[in-house]
Amino acid sequence: MAGEELDFRKPILEVRDLAFGYNPERTVIQDISFTLDKPGFTCIVGPNGVGKSTLIKCINGIIRPTRGEVKVYGRDVSTFKLKELAKIVGYVPVMTGSYNVMTVLDAVMIGRYSRQKWRTRPEDIMVAHKALEAMEIDDLAMRNFNELSAGQHQKVSLSRGLVQEPKLLLLDEPTSNLDIRHQVYVSAFLKRLCDKTGMSVLMISHDLNLAAKFADRIIVMGPPGTIHSIGTPQEVFTEQTIRDVYNVRCKVIDDEGKPHIVLEYVI
């Protein structure tokens, strides 16, 4: 029921028998179950069209599943008010261009909505500047959002998610528009954030090697919108798994204790 207390002794996220379809003939995800029972950096990987973004939206309450349940600290997501949920679960979509007439700082401050009172406080501004510094774009604070590159847009969106100060941060391909250096920087930053603050990050990624290097846990999704495997990078990134899920051959080599995937050719 609305207003139900959170139980912080329970897992931050429980997904049970989740399914979603736009109509009875079009099931996007089905039989999805997993638990995030401790803080950490988890990556969701899988081919296009297997429902990764749909899963994230079900977790965040943006769309209602056709079956199953999502609980945050023991409470069903459907019972939260939007502002209430935003204090616990942050969300950064794959890309957005909705801040065209705003400064970068104003765009980031949208993420403070759930924590602001009737006016902006100095501490809200401080949190926003810290997030911009973390993404190495604090010098862009007073620039107009529409003057920035796609990669800078992505960093603004990440900053907006960080200022929510959530317990769980959901990210849909946050490195998709970044160059190699910034892909590594953001991935390493998120890993450190989880380790230092106890936040949990659940991130969709198409870069298997970045996921292997930085994630604590991997959720591999495959057709038809189901979970193929869950585990550490060493456990799930095998040559057989890559062939089964992506239909490509590869070699998996050891890179200082982490798996590194070298593609051979498409079957």
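Quantities reported herein were computed from a predicted structural model and do not represent experimental measurements.

Peer 1: Residues and numbers for the overall build of the protein, please.
Peer 2: Helix and strand counts for the protein stand at nine helices and 12 strands. Taken over the C-alpha trace, the protein has a radius of gyration of 19 Å; the compact-globule value for 267 residues is 18 Å, and the two agree within 12%. Taking the principal axes of the C-alpha coordinates as reference, the protein spans close to 55 × 45 × 35 Å. Put simply, the protein has 267 residues, and 51% of those count as buried. Taking as baseline every contact in the protein between residues at least 6 positions apart, the subset at least 24 positions apart corresponds to 65%. Counting every atom, the protein has about 13,100 Å² of accessible surface; 51% of that belongs to carbon and sulfur. Across the protein, 34 positive and 33 negative side-chain charges occur, with their mean positions spaced 4 Å apart.

Peer 1: How would you sum up the packing of aromatic side chains? Please name residues and give values.
Peer 2: Within this structure, the stated rule accounts for three aromatic pairs. Arranged with centres 6.5 Å apart and planes meeting at 15°, the rings of Y185 and F189 form a pair that is stacked. One end of the pair is Y185 and the other is F189, both in helix α6 (residues 180-197) and four residues apart, which spans about a single turn. What makes F189 buried here is its relative accessible area of 13%. The residue whose ring lies beneath R75 is F80, and the NZ or CZ to ring-centre distance is 4.0 Å.

Peer 1: Go over the environment of E136 with me, naming the residues and quoting the values.
Peer 2: Looking at the secondary structure, you find E136 in the loop between α4 (122-134) and α5 (150-162). Among the residues examined, E136 registers a relative accessible area of 33% and is labelled partly exposed. As for E136 and K155, which are separated by 19 residues in sequence, their C-alpha atoms are 8.4 Å apart. When neighbours within four sequence positions are excluded, E136 is seen to be in contact with K155, R181, H182 and Y185. A polar atom in the side chain of E136 sits 3.2 Å from the side chain of R181.

Peer 1: Describe α4, naming the residues involved and giving the relevant values.
Peer 2: Note on helix geometry: an α-helix contains 3.6 residues per turn, so any two residues three or four positions apart are oriented the same way. Over its 13 residues, α4 extends 18 Å from the first C-alpha to the last, a length consistent with the 18 Å expected when each residue adds 1.5 Å. Along α4, the residues that are buried comprise D124, V127, A128, A131, L132 and A134. Looking straight down α4, one finds its buried side chains confined to an arc of 160°; they lie on one side. Residues P122 and K130 are exposed on α4 and point more than 90 degrees away from its buried face.

Peer 1: Please give an account of the nonpolar core that cites residues and values.
Peer 2: Residues F41, V156, L171, L190, V201, I218 and F237 are the most contacted members of the largest nonpolar core, which totals 51 residues. Element by element, the count of residues in this core is highest for α6, at six residues. The residues contacting F237, other than those within four sequence positions of it, are V45, L208, A211, A212, I218, I242, V252, P259 and I261.

Peer 1: How would you summarise the side chain of T241 if you had to cite specific residues and measurements?
Peer 2: Note on placement: T241 falls in helix α9 (residues 239-246). For T241, a relative accessible area of 10% corresponds to the buried category. In this structure the side chain of T241 is engaged in a polar contact, spanning 3.3 Å, whose partner is the backbone oxygen of V236. Beyond its immediate stretch of four places on either side in the chain, T241 contacts V220, H228, S229, V236 and Y246.

Peer 1: Describe the side chain of Q183, with residues and values.
Peer 2: By the element assignment, Q183 lies in helix α6. A distance of 2.8 Å separates a polar side-chain atom of Q183 from the backbone oxygen of L178. Here Q183 is in contact with T175, L178, D207 and L210, once residues within four sequence places are set aside.

Peer 1: Describe the sheet that holds strand β5 (residues 75-76), with residues and values.
Peer 2: With antiparallel pairing, four strands are arranged side by side in an open sheet as β2-β1-β4-β5. Taken across any chain shown, the strands that pair with only one partner, and hence form the sheet edges, are β2 (26-36) and β5. Examined bridge by bridge, strand β4 (residues 67-72) and β5 share two bridges and lie antiparallel to one another. The residue bridging K71 from the neighbouring strand is D76, located in β5.

About the thresholds
- Residues numbered from 1 in each chain as written.
- Predicted model: local features only at pLDDT ≥ 70, side-chain atom pairs only at ≥ 80, totals over all residues.
- Heavy atoms only, no water.
- Helix = DSSP H or I, 4+ residues; strand = E, 2+ residues; numbered from the N terminus.
- Rg over C-alpha atoms; globule rule 2.2 N^0.38 Å.
- Buried < 20%, exposed > 50% of the residue type's maximum accessible area, 1.4 Å probe, protein only.
- Contact = heavy atoms within 4.5 Å.
- Areas by Shrake-Rupley, 256 points an atom, 1.4 Å probe, with all protein chains shown as cover.
- Lys, Arg positive; Asp, Glu negative; His and termini not counted.
- Charge placed at Lys NZ, Arg CZ, Asp CG, Glu CD.
- Phe/Tyr/Trp six-rings, centres within 6.5 Å; stacked < 30°, edge-to-face > 60°.
- Lys NZ or Arg CZ within 6 Å of the ring centre and 35° of its normal.
- Polar contact = N/O pair within 3.5 Å; in protein donor to acceptor, adjacent residues only side chain to side chain.
- Expected span 1.5 Å × (residues − 1).
- Arc of directions from axis to C-beta.
- Core = buried A, V, L, I, M, F, W, Y, C linked by side-chain atoms within 4.5 Å.
- Pairing = 2+ DSSP bridges.

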